[in-house]
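Here is how the chains run, residue by residue.
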Amino acid sequence: MLREITIGKYYPAQSVIHKLDPRVKLAGTVLYVISLFPYSTVEVYLIASLYLAVMITISRIPVRYMIQGLKPVIVLIAFTAICNLFLTPGMDAVLAVGSVRITRSGIKKAVFMVLRLMYLIIGSSLLTYTTTPNQLTDGIEKALKPLNRIKIPVHEFALMMSLALRFIPILMDEAEKIIKAQSARGADFEEGGFVRKARNIISIIVPLLVSATRRAGDLALAMDARCYHGGKNRTKLKPLTYSARDFAGYAIVVLYFILIIAAGHLNVVRV
């Protein structure tokens, strides 16, 4: 059950995307996420869909694996769609039953909001699927290095992000073990009403929090025993260096962002 959750996991493959510098993938992910918000037009989302499809194809990650990452947030996506569908005001009503109204504006807003959330999750997940936690840490630290001049602890922030991503699959496996152990003791997580299910979930959350706290403590002790003192004066086994394909990656990302702005601007002018 929980093993189906793929968010935060690394998918090993031999692809151009995997070989790119993590800073290129970070920049591409940030710009892709930003491009989803300014415009809600068919042209913009066609470009975003094509770009995402090409990136998934090049990364050699199965589409089934990508869609599987949406399962944990499917309820959130559905709730967002329903709220936008029924709560968006407008005079162009398609269906009206008493005080309940569904408008064309609501349908349009709900569709674009669902697409936005799905693309946001898949696009962000593509970063973690193609980048190991160590590469991601190095990429964040290198990209944010100028902030060290204003006394911002960049290395600690990058390490925190890396550990958080690394702990996601570990905690999922731990939760799976706890569910199996509780089921062996007679716990039923499928039957019963809402109150009973909530009580059964507590029997998972409490030991999971205890386990997570213990793991965090063990990690802190291990880092302290190895005299870990942050990133100052530390060397890298594999220092990040740009290659020709990295500059090509930057060019593709910038071209995509320009196309998004152009498509959104043309739509505004036409309106």
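None of these values were measured; they are calculated from a predicted model.

**Brief notes about helix α3 (residues 42-59)**
Part 1 of the reasoning: Taking 1.5 Å per residue, 18 residues should reach 26 Å; α3 reaches 26 Å between its end C-alpha atoms and fits that length.
Part 2 of the reasoning: By the burial criterion, the buried members of α3 are Val44, Tyr45, Ala48, Tyr51, Leu52, Met55, Ile56 and Ser59. Taken down its axis, α3 places every buried residue within 130° of arc, on the same side. More than 90 degrees from the buried face of α3, the exposed residues found are Val42, Leu46, Leu50 and Thr57.
Part 3 of the reasoning: Phi for Arg60, located one or two positions after α3, is positive at around 65°.

**Examining the packing of aromatic side chains**
Part 1 of the reasoning: Enumeration according to the criterion identifies nine aromatic pairs in this entry.
Part 2 of the reasoning: For the ring pair Tyr45 and Phe112, a centre distance of 5.2 Å and an interplane angle of 50° mean the geometry is tilted. Here Tyr45, found in helix α3, pairs with Phe112, found in helix α6 (residues 104-129); they are 67 residues apart in sequence, far enough to count as distant. Across the pair, Phe112 and Tyr45 agree in class, each one buried.
Part 3 of the reasoning: On the numbers, 6.3 Å between centres and 35° between planes, the contact of Tyr45 with Tyr119 is tilted. Of the two residues, Tyr45 is situated in helix α3 and Tyr119 in helix α6; the sequence distance between them amounts to 74 residues. Accessibility assignment for this pair places Tyr45 and Tyr119 in one class, buried.
Part 4 of the reasoning: Lying over the aromatic face of Tyr242, Arg23 brings its terminal NZ or CZ to 4.0 Å of the ring centre.

**Quick word on helix α5 (residues 74-87)**
Part 1 of the reasoning: Counted at 1.5 Å a residue, the expected span for α5 with its 14 residues is 20 Å, and the 20 Å between its end C-alpha atoms agrees.
Part 2 of the reasoning: Among the residues making up α5, those that are buried are Ile77, Thr80, Ala81 and Asn84. With its buried residues spanning 100° around the axis, α5 presents them on a single face. Exposed positions of α5 whose direction lies more than 90 degrees from the buried face are Val75, Phe79 and Leu87.
Part 3 of the reasoning: On the buried face of α5, the contacting elements are α6.

**As for the pattern of salt bridges**
Part 1 of the reasoning: Scanning the entire structure with this criterion turns up two salt bridges.
Part 2 of the reasoning: The partner of Arg23 in a salt bridge is Asp21, and the shortest N-O contact between them spans 2.9 Å. With respect to burial, Arg23 and Asp21 carry one shared label: buried.
Part 3 of the reasoning: One salt bridge connects Glu174 with Arg215, and the closest N-O pair in it is separated by 3.2 Å. Residue Glu174 is found in helix α8 (residues 154-184), and its partner Arg215 is found in helix α9 (residues 194-225); the two are separated by 41 residues along the sequence.
Part 4 of the reasoning: Note on Glu174: relative accessible area 14%, which makes it buried.

**Details of the environment of Glu141**
Part 1 of the reasoning: Tracing the sequence through the fold places Glu141 in helix α7 (residues 133-143).
Part 2 of the reasoning: Sequence separation of Glu141 and Val154 is 13 residues, and the distance between their C-alpha atoms is 5.8 Å.

Procedures and definitions
Residues numbered from 1 in each chain as written. Predicted model: local features only at pLDDT ≥ 70, side-chain atom pairs only at ≥ 80, totals over all residues. Heavy atoms only, no water. Helix = DSSP H or I, 4+ residues; strand = E, 2+ residues; numbered from the N terminus. Expected span 1.5 Å × (residues − 1). Buried < 20%, exposed > 50% of the residue type's maximum accessible area, 1.4 Å probe, protein only. Arc of directions from axis to C-beta. Phe/Tyr/Trp six-rings, centres within 6.5 Å; stacked < 30°, edge-to-face > 60°. Lys NZ or Arg CZ within 6 Å of the ring centre and 35° of its normal. Contact = heavy atoms within 4.5 Å. Salt bridge = Lys/Arg side-chain N within 4 Å of Asp/Glu carboxyl O.

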